[in-house]
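Survey of secondary and tertiary structure
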Amino acid sequence: MLVPLDSWGRESLLLRDGRKAGVGALLGFTEDGKVEADGMRLPVPHALLATLDSIQSAQLGLPPIAPVRLKIQGRGILASPSFRFQHQLVKLDGTPVLAPKRDGVLLAIGGANHVLLDPLFSLIEGMDAFNAIPPEQIDERFLRWADLKPLLPEDALVDNNLRSMNIVRADAFTLDVDDTANFSPQLLHHLKGGAEESAWEEPGVGVPVLPDGPQRDFEQKFKSIGARRRYKIEGNWFVAVPESVQQALSVVHQIQRGSLAERRAFLANPSAVLRDRLEGRVDDEQIDSIFEETPEFLSQRVTHLGEWEPKINAYKMPSGQIWLPDDDLVFGVLIEGRIYEVPAKDAGGLLAAIKKARANGEQTVEYNGETIPANDEAERVIGGIAEGVRKKPERTSAKSDQPKPRPEVPILLGNLDQLDFQAKPRVIRGERGGFPEVLKTTSLYPHQKDGLIWLQEHWASGSTGALLADDMGLGKTLQTLAFFAWVQEQMDQGDVVRKPLLIVAPTGLLKNWEDEAEQHLAAPGLGRLFRAFGRDLSKLKTMTHNQRKRELQTADWVLTTYETLRDKITYFLPVAWGVVAFDEVQKVKNPTSRMTEMAKSIEAEFFLALTGTPVENALADLWSIVDLIAPGQLGALRDFHNRFVKSDGDEASESIAFLGERLMKDPKPVRLLRRMKDDHLKGLPEKYEHVVKEQMPLAQAAAYDQLIAGIRGEKMEPMAVLKVLQDMRRVSLLPEPIGEEGLTDEIVRSSARLSALIRILDEIHRKNEKALIFLEFLKIQDALIPYLQQRYGMPHPPLRISGSVDGHIRKKHVDTFQSRPRDQFDVMLLSPKAGGVGLTLTAANNVIHLSRWWNPAVEDQCTDRAFRIGQDRPVNVYYPLSVHPRLGDASFDLNLNALLDRKRTLSREVLSPPVAGQAELDELVRASASAG
């Protein structure tokens, strides 16, 4: 009997030999949009089947893995047009396989059927494709072999010539920069997936393709011969370069030989320069994928002197090379939590004094009437300044024939070390009151009406800006759109000249702004929209300066991204904006990033910052946001750091209380408005949180004991601490990986948390309700899909949203989940980071955090997919916890839960960072590993 795809997880599917079938991998393919059902059939390409592991293959009833190895020989010299691969399958004892018949992944040997999985399948397919490439296309042949060689298994029989050649493909590059603005490309390769030990989680990104020695040899060759499609490097390394990467490298090579001014202008914004010079040859998306900007020239603390240069300040010492502009510059340096002022010219002498004191066994040195510690930290920090002064490039002569390059970024007064700029109030702009005429959603919640009035008061009073920090799901978008429409009415009445409105938002939220405007505003809404992203942004690139200015000025409202604002700031600078709204404004939380500086360079009547997490990681996040909307209100960053960040204990509580008064009570109107759903959204139903404790079975407890036995009492580095924490999380969820039998009742019973999950879902199923399950381990998600469908007889497999699901499929899954019958049990599986933002899933009124996230704000974002406006049923939030039978409350899950509860309580007070610090993580490991 044929079983429809939607019923696979509900039925007990059997293989032809009577064994139970496991279809989790196939359903995972469908959930991720890799395959699509064709009626009763599910066509799966052979290349996708080849990615299965041996367990998944057995679950599907495929033949056994072929007991073969691959013998590879090269006929001729690889670099010659006549070269061809010869490959042969051999048995494990080395004898040839006679007359094998292969049909994709299926392999028949002597009448017995087998399956040929990766990497052998991809190697054979790739070598056949290599041989089919015309001999004259030597560069393409090199690229093909560079892709194949990493697939070689250890037991592949490869002739010595091929085995000794290190052939790599460089599909991206970054820049290695020194303190004189000299730079060289460092070639990268994008990883296709994670390492085996992290296979449960999402894959990583680019890594250098060359070791240090060959990399230096490549740099010398690049300087002398420029951008090529292939390079022969010392140590028998061969580098293959795709055409798009070569074109980008040719730009780098041209600028590399330019003047100091040209090089610095390039380093100020390399992505933008590459886009401009490669326009028409390489598209923007390709450039983003082939060039990676690194923190050394993207996220350093900077100063604008017409050029971008990394800058040392009192709050974070940069790594790597250091650029210093003037000998008389005074730096604030942070040593053991205290700031000391050190002129650049004194750094060398102070460094010598610190070294001498340490050699003599002294703990401190006296400097300018202050006592400075003589320790590793002081020597490193002061040494960095001294080295920068010693290597500082000579000033360019005023008589130089080389013209100073035109600045590509605005010069800013940053308010970092001292208060350079303080915003002045605008003129009084009328009076607050009333809804705008185009607002068709007039049944606002009370807190939304209050929020609109609060924004109107800011506008009317001449305020420069405001921070709307409402909890997630309270309707910040609706309040903003209503405010925008009201401001346009004020402009039309003559209070202020009509000016365009700008919304800067993460890429994934742009469509949401358009949809919300259409939903809540009657025609013509906010008027003509210009989309300064995608294809419309390409239109701006073809325009002259004045044409661009006119295009943006005549728009009624403009949507753009933070990245566009950073890279194309000159498009926005000449426009006088009415209101600029920064959605998810924590994107500019770094006070000295280029993105933050560009955001602060725009001229506008009013700035509106929107975020549910104004303090995401550190209190300096809040300073950076307030310095954007009301420069000067919180003083210079250094003074802010001294007063609010450095204090501790009672002093810290008093300082933060004062800061809250200054932002939320003292100014009229208050600068920061913060409302929580529990307090201000009376229209929402109740939310109940359930901590579900489940005792570990003996096998799981034994696995936990074995893990902590190896680390008890050891002092670990921060990275080791993180690895131990990940291991504890995994063992506390599942003691052993799921085998070829898939997820079974027996495996569920072996896990305390999975047992609790099923008990919770049984009750949800009994009530015919829907649930969201947040879990970042992808293979467990795969296994849960068929298991849950079968256990609960679901008509469709549970939907899944993970990081590998693109935006189109995300929206399709959301729409499907929301539209299914209200009284029908349903489940959606989500990865916390992928499914925790930008989704409305109010069809579910149950949220289960099967695995925990370190930042409770992320967990709250996940919960708010269901607990938000539009939810009309009580919401139950479940936290299943594994309890060790001997350790009890000292078990890892309970320790982590207590830590997250503490951080969550602090984060709801708005001014306390929710992320656990290193000391807290260390204590979490200690408490979970040393008890009992």
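Residues numbered from 1 in each chain as written. Predicted model: local features only at pLDDT ≥ 70, side-chain atom pairs only at ≥ 80, totals over all residues. Heavy atoms only, no water.

**Details of the overall build of the protein**
Looking only at helices and strands, the protein has 36 helices and 31 strands in total. Burial statistics for the protein: of 932 residues in total, 55% are counted as buried. With the model as given, the accessible surface of the protein reaches about 41200 Å², and the carbon-plus-sulfur share is 50%. (Helix = DSSP H or I, 4+ residues; strand = E, 2+ residues; numbered from the N terminus. Buried < 20%, exposed > 50% of the residue type's maximum accessible area, 1.4 Å probe, protein only. Areas by Shrake-Rupley, 256 points an atom, 1.4 Å probe, with all protein chains shown as cover.)

**Description of the packing of helix 8 (residues 243-256) against helix 10 (residues 270-277)**
Packing of helix 8 against helix 10 leaves a shortest axis separation of 10 Å and a crossing angle of 110°. Here helix 8 is positioned roughly perpendicular relative to helix 10, judged by the angle of their axes. Between helix 8 and helix 10 lies a crossing whose hand is right-handed. Contact with helix 8, carried on its side by Ala-248, Val-251, Val-252, Gln-254 and Ile-255, involves Val-273, Leu-274 and Arg-277 of helix 10 and no other residues of that element. Looking at the contact of helix 8 with helix 10 residue by residue, the classes come out as 6 nonpolar, 1 polar and 1 charged. (Axes fitted to C-alpha atoms, helices over the stretch in contact; angles between N-to-C directions. Parallel < 35°, antiparallel > 145°, perpendicular 65-115°, else oblique. Left-handed = near helix turned anticlockwise from the far one by under 90°. Contact = heavy atoms within 4.5 Å. Nonpolar A, V, L, I, M, F, W, Y, C, P; charged D, E, K, R; others polar.)

**A look at the pattern of salt bridges**
Within this structure, the stated rule accounts for 32 salt bridges. A salt bridge links Arg-102 to Asp-128; the nearest nitrogen and oxygen atoms lie 4.0 Å apart. One end of the pair, Arg-102, is in strand 3 (residues 101-103); the other, Asp-128, is in helix 4 (residues 120-132), and 26 residues separate them in sequence. Under the relative-accessibility criterion, Arg-102 is labelled partly exposed at 32%. Across the pair Arg-729 and Glu-776 runs a salt bridge whose closest N-O atoms are separated by 2.3 Å. In this pair, Arg-729 is assigned in helix 28 (residues 718-733) and Glu-776 in the loop between strand 27 (770-774) and helix 31 (778-792), connecting sequence segments 47 residues apart. We classify Arg-729 as buried; its relative accessible area is 5%. When salt bridges with common partners are traced through the structure, they connect Asp-32, Asp-782 and Arg-800 into a single cluster. (Salt bridge = Lys/Arg side-chain N within 4 Å of Asp/Glu carboxyl O.)

**Remarks on the pairing of strand 29 (residues 826-830)**
A large share of strand 29 lies buried, amounting to 5 of its 5 residues. Residues Asp-826, Met-828 and Leu-830 line one face of strand 29 and the alternating positions Val-827 and Leu-829 line the opposite face, and both faces are buried. Note: strand 27 against strand 29, 5 bridges, orientation parallel. Bridge pairing links Phe-774 to Leu-830 in strand 29. Examined bridge by bridge, strand 28 (residues 799-801) and strand 29 share 3 bridges and lie parallel to one another. Its bridge partner lying in strand 29, Leu-799 is registered against Met-828. (Pairing = 2+ DSSP bridges.)

**Description of unusual backbone geometry**
For the bond running from Ala-523 to Pro-524, omega is 5°, close enough to zero to count as cis. Along the chain, the position of Pro-524 falls in the loop between helix 17 (510-520) and strand 21 (529-532). Despite not being glycine, Glu-584 shows a phi value in the positive range, around 50°. Notably, Asn-768 is not glycine yet its phi reads approximately 55°, a positive angle.

**Comments concerning the side chain of Thr-611**
With respect to the helices and strands, Thr-611 occurs in the loop between strand 24 (604-610) and helix 23 (619-629). At 2.6 Å, the side chain of Thr-611 and the side chain of Gln-586 are in polar contact. If we ignore the near neighbours within four places in the chain, the residues touching Thr-611 are Leu-467, Leu-468, Ala-469, Asp-470, Lys-476, Val-585 and Gln-586. (Polar contact = N/O pair within 3.5 Å; in protein donor to acceptor, adjacent residues only side chain to side chain.)

**Some points on the confidence of the model for the protein**
Averaged over all residues, the pLDDT of the protein equals 79, while 79% of them reach at least 70. Under a pLDDT of 50 for its full length, residues 308-328 has, in the predicted model, 84 contacts with residues more than four places off or in other chains. (pLDDT = per-residue confidence, 0-100.)

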